[in-house]
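Each chain, written out:
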Amino acid sequence: MVEQPNIGWFEGRVHHYPLRIFYEDTDFSGIVYYANYLRFFERARSSFFRLVGFEHAKLWDGEDPLAFAIRKIELDYKKPARVDDHLVVQTTYDRIKGARLWVSQACYRGDELLVTAVSEAACITPEGRPRRAPKAMVERLGPYLEND
């Protein structure tokens, strides 16, 4: 297990993304503002991708441009996080089919589960149309996907 600053590490197929809660992440009461978890989860998904060898800018600027759009996301808030907390977001890319990718995430403070998310992303063209995930991407993500 090798940790890389700012982008986390893998344990098996699970990516761990560490983050610290700053004052700017909270509401007036010092509790993390609910919408900020969307940002935390996005950073974790992107960091997972970076660690397996994909960078969003290079995918977009490549020969066959590609980006991702979240089609659907469901969050379940269980406990609040507060200013100065140290959290870890755990991410798994579960499945890829056609243009769609399914991702599961959980945010922890130590052993305490705070928030979970299940999302569905779509690979899209510069025009915003869905497109099949490239074969190289599917192959590289293969070891991290659920075994059906």
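What this report covers is the structure whose coordinates are included nearby. (Residues numbered from 1 in each chain as written. Predicted model: local features only at pLDDT ≥ 70, side-chain atom pairs only at ≥ 80, totals over all residues. Heavy atoms only, no water.)

### Brief notes about the overall build of the protein
In terms of regular secondary structure, the protein is built from 3 helices and 6 strands. The globule rule puts the C-alpha radius of gyration for 148 residues at 15 Å, and the 16 Å found for the protein is close to it. With the C-alpha coordinates of the protein rotated into their principal frame, the extents come out at 45 × 35 × 30 Å. Taking all 148 residues of the protein together, 42% fall into the buried category. Here the contacts in the protein between residues at least 6 apart in sequence split such that 64% fall between residues at least 24 apart. For the protein, the accessible area works out to roughly 8,700 Å², and carbon and sulfur atoms hold 51% of it. Looking at charge distribution, the protein has the averaged site of its 21 positive side-chain charges lying 5 Å from that of its 22 negative ones. (Helix = DSSP H or I, 4+ residues; strand = E, 2+ residues; numbered from the N terminus. Rg over C-alpha atoms; globule rule 2.2 N^0.38 Å. Buried < 20%, exposed > 50% of the residue type's maximum accessible area, 1.4 Å probe, protein only. Contact = heavy atoms within 4.5 Å. Areas by Shrake-Rupley, 256 points an atom, 1.4 Å probe, with all protein chains shown as cover. Lys, Arg positive; Asp, Glu negative; His and termini not counted. Charge placed at Lys NZ, Arg CZ, Asp CG, Glu CD.)

### With respect to the side chain of Thr125
Along the polypeptide, Thr125 turns up in the loop between strand 6 (112-124) and helix 3 (135-141). Discounting residues that sit within four places of it in the chain, Thr125 has contacts with Trp60, Pro65 and Arg131.

### Regarding the packing of aromatic side chains
Counting across every chain of the model gives 10 aromatic pairs. Taken together, a centroid distance of 4.9 Å and an interplanar angle of 75° make the contact between Phe10 and Phe48 edge-to-face. One end of the pair, Phe10, is in strand 1 (residues 9-11); the other, Phe48, is in helix 1 (residues 36-51), and 38 residues separate them in sequence. Take Phe48: its relative accessible area is 0%, and that puts it in the buried class. With centroids separated by 4.8 Å and ring planes inclined at 55°, the aromatic side chains of Tyr33 and Tyr34 adopt a geometry described as tilted. The rings of Phe10, Phe48, Phe49, Phe54, Phe68, Tyr93 and Tyr144 are connected pair by pair, giving a single aromatic cluster. (Phe/Tyr/Trp six-rings, centres within 6.5 Å; stacked < 30°, edge-to-face > 60°.)

### A word on helix 1
Residues separated by three or four positions in an α-helix point in the same direction, a consequence of the helix having 3.6 residues per turn. With 16 residues, helix 1 extends 23 Å from end C-alpha to end C-alpha; this agrees with the ideal 22 Å at 1.5 Å per step. Asn36, Tyr37, Phe40, Phe41, Ala44, Arg45, Ser46, Ser47, Phe48 and Phe49 are the residues of helix 1 that are buried. Gly53, located one to two residues past helix 1, shows a positive phi value of around 110°. (Expected span 1.5 Å × (residues − 1).)

### Quick word on the environment of Arg132
As for its placement among the helices and strands, Arg132 is situated in the loop between strand 6 and helix 3. Arg132 gets classed as exposed once you look at its relative accessible area, which sits at 61%. Spatially, the C-alpha atom of Arg132 lies 30 Å from that of Asn36, the residues being 96 residues apart in sequence. The residues touching Arg132, leaving out its near neighbours within four places in the chain, are Gly98 and Ala99.

### Describing unusual backbone geometry
One non-glycine residue, Asp84, lies in the positive phi region at around 75°. Inspection of the secondary structure assignment puts Asp84 in the loop between strand 3 (67-77) and strand 4 (86-97). On the basis of relative accessibility, which here comes to 56%, the residue Asp84 falls in the exposed class.

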